[in-house]
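Close look at the chain arrangement
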Amino acid sequence: EAEVAQSPRYKITEKSQAVAFWCDPISGHATLYWYRQILGQGPELLVQFQDESVVDDSQLPKDRFSAERLKGVDSTLKIQPAELGDSAMYLCASSRHSGAEAFFGQGTRLTVV
Amino acid sequence: AQTVTQSQPEMSVQEAETVTLSCTYDTSESDYYLFWYKQPPSRQMILVIRQEAYKQQNATENRFSVNFQKAAKSFSLKISDSQLGDAAMYFCAYGPGGADGLTFGKGTHLIIQP
């Protein structure tokens with residue numbers, strides 16, 4: 001069964017360092033999402049791609065966060081510099097189109113120390 | 001902006017019994033989707049059930065069904081014959097009819113008592 005792949009599963013980084021997460025969506029899924037989930041809360045959308053184009057990055061803290069999906073397939077989310085408040089689960093999801101079921105990866109749990 | 005409210009931080013139910021999780025949302029749109037997602041501990045989020053707002057018929061998936069009240073902006077999830085494997089965080093989510101991502105509630109932690 002096809003799955004959304006994310007790596008790494010866990011990441012510990014020191015504050016002010018750079019960190020990057022990778023996501024490979026299900027083949028054929030044009031829409032890719034990055035969500036941030038703080039412990040005890042629901043996921044919050046950071047950025048949405050349609051193929052290689054950003055559709056929505058209104059909630060992405062652009063002074064330190066960046067995301068790309070250069071060939072419209074896999075995607076990278078980067079934080080530089082990391083802050084203590086960035087500690088969270090970062091979830092990637094993909095869907096065939098908006099309104100369709102979104103399939104989630106297992107996430108990357110980031111701890112900033 | 002759309003908001004999703006889950007007023008029950010935690011619910012507990014005996015195995016084999018029925019439980020209902022509540023969700024309300026706020027939107028000015030007429031075309032949208034509603035979802036319930038399940039997130040087991042340390043595992044990925046999976047879709048439980050999906051409802052299109054234009055459909056009056058409530059969605060069902062085996063033991064899971066919803067009560068969709070569009071005018072009241074309410075979207076509750078009923079789990080019948082609860083099983084130990086149903087224990088998880090349950091998130092209600094709203095998806096607009098356009099190209100935007102989902103807005104999630106804060107979740108309800110469901111405990112199944114054996």
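Refer to the preceding data block for the structure.
Let me begin by describing the structure that accompanies this report. Just so it is clear, the model here is predicted, and its values are computed rather than measured.

What to know about the overall build of chain A
- Broken down by element type, chain A carries zero helices and eleven strands.
- Each helix and strand of chain A, ordered N terminal to C terminal, gives the series β-β-β-β-β-β-β-β-β-β-β.
- Expected size for 113 residues packed as a compact globule is a radius of gyration near 13 Å; at 13 Å, chain A falls within 12% of this value.
- Structurally, chain A occupies a C-alpha span of about 35 × 25 × 25 Å along its principal axes.
- Out of the 113 residues in chain A, the part that is buried amounts to 47%.
- The contacts in chain A between residues at least 6 apart in sequence include a share of 53% that link residues at least 24 apart.

Examining the pattern of salt bridges
- Inspection of the entire model under this criterion finds seven salt bridges over all chains.
- The partner of Asp57(A) in a salt bridge is Lys62(A), and the shortest N-O contact between them spans 3.7 Å.
- Here Lys73(B) ties to Asp26(B) by a salt bridge, and the two come within 3.7 Å at their closest N and O atoms. Here Asp26(B) lies in strand E4 (residues 24–26) and Lys73(B) lies in the loop between strand E8 (64–69) and strand E9 (74–79), a separation of 47 residues in the sequence.

Observations concerning the sheet that holds strand E3 (residues 19–24) of chain A
Residues and elements named next belong to chain A.
- Read across the sheet, four strands follow the order E1-E3-E8-E7 without closing on themselves; strand pairing throughout is antiparallel. Looking at strand neighbours, the two that pair on one side only are strand E1 (5–7) and strand E7 (65–68), the edges of this open sheet. Going from strand to strand, the sheet's axes swing by 15° on average, the running direction of each strand aside.
- Bridge count between E7 and strand E8 (residues 75–79): four bridges; the pairing is antiparallel. The residue bridging glutamate 68 from the neighbouring strand is threonine 76, located in E8.

Observations regarding the interface of chain A and chain B
- On the side of chain B, 20 residues touch chain A, which itself brings 22 residues to the contact.
- Note on chain A versus chain B: buried area summed over both sides is about 1600 Å², and carbon and sulfur give 49% of it.
- The interface formed by chain A and chain B includes zero salt bridges.
- Viewed at the interface, chain B and chain A are joined by five residue pairs in polar contact (both at pLDDT 80 or more).
- At the level of secondary structure, the elements contributing two or more residues to the side of chain A that touches chain B comprise strand E4 (31–37), strand E5 (44–50) and strand E6 (53–56) of chain A.
- No other element matches E4(A), which puts three residues into the side of chain A that touches chain B.
- Looking at the side of chain A that touches chain B residue by residue, the class counts come to nine nonpolar, nine polar and four charged.

Observations regarding the packing of aromatic side chains
Residue and element names in this part refer to chain B.
- For the structure on display, the rule yields 15 aromatic pairs over all chains.
- Consider the rings of tyrosine 32 and tyrosine 94, whose centres lie 5.3 Å apart with planes at 35°: the pair is tilted. With tyrosine 32 in strand E5 (residues 32–39) and tyrosine 94 in strand E10 (residues 88–96), this residue pair connects regions lying 62 residues apart in the sequence. Judged on exposure class, the residue tyrosine 32 and its partner tyrosine 94 are both buried.
- When the centroid spacing of 5.9 Å and the interplanar angle of 55° are considered together, the rings of tyrosine 37 and phenylalanine 104 count as tilted. Pair noted here: tyrosine 37 is in strand E5 and phenylalanine 104 is in strand E11 (residues 103–104), with a separation of 67 residues, a long-range link.

Quick notes on the state of the cysteines
- Scanning the model with the defined rule gives two disulfides over all chains in all.
- In this model, Cys23(A) is linked to Cys92(A) through a disulfide, with the two sulfur atoms separated by 1.9 Å. One quick way to see it: the torsion about the S-S bond of Cys23(A) and Cys92(A) is about -70°, and its sign makes the bridge left-handed. Taken together, the residues Cys23(A) in strand E3 and Cys92(A) in strand E9 (residues 88–95) connect sequence positions 69 residues apart. Neither residue differs from the other here; Cys23(A) and Cys92(A) are each classed as buried.
- Here Cys23(B) engages in a disulfide with Cys92(B); their sulfurs sit 2.0 Å apart.

Scoring rules and cut-offs
- Per chain, residue numbering runs from 1 following the sequence as it is written.
- Labels follow written order: the first chain is A, the first ligand is 1, and so on.
- This being a predicted model, a pLDDT of at least 70 is required before a residue's local features are given, and a value of 80 or more before pairs of side-chain atoms are given or counted; all residues contribute to the totals for chains, interfaces and linings.
- Hydrogen atoms and water are omitted, and side-chain values are computed over all heavy atoms in the structure.
- Elements are defined by DSSP. Helices are runs of H or I of four residues or more, strands are runs of E of two residues or more, and each kind is numbered from the N terminus.
- Both definitions apply: the radius of gyration is a C-alpha atom measure, and the globule rule equals 2.2 Å times residues to the power 0.38.
- Burial classes follow relative accessibility: with a 1.4 Å probe on protein chains only, a residue under 20% of its type's maximum area counts as buried, one over 50% as exposed, and anything between as partly exposed.
- Here, residues are in contact when the closest pair of their heavy atoms is within 4.5 Å.
- Salt-bridge detection follows one rule: a side-chain nitrogen of Lys or Arg within 4 Å of a carboxyl oxygen of Asp or Glu.
- Being paired, for any two strands, means DSSP has found at least two bridges between them.
- Every angle, taken between N-to-C directions, lies between 0 and 180 degrees, and every axis is a line fitted to C-alpha atoms, over only the stretch in contact when it is a helix.
- Here's the idea: put two parts together, see how much 1.4 Å probe accessible area each one loses, and the total over both is what we call buried area.
- Polar contact is defined as a pair of N or O atoms within 3.5 Å, subject to the rule that within protein one atom must be able to donate a hydrogen and the other to accept it, and that residues adjacent in sequence are counted only when both atoms are side-chain atoms.
- All residues other than Ala, Val, Leu, Ile, Met, Phe, Trp, Tyr, Cys, Pro, Asp, Glu, Lys and Arg, Gly among them, are scored as polar; the first ten of these are nonpolar and the last four charged.
- Here the aromatic set is Phe, Tyr and Trp, taking the six-membered ring for Trp, and pairing holds for ring centres within 6.5 Å; pairs whose planes are under 30 degrees apart are stacked, those over 60 apart are edge-to-face, and all others are tilted.
- Cysteine sulfur atoms are paired as a disulfide whenever they come within 2.5 Å of each other.

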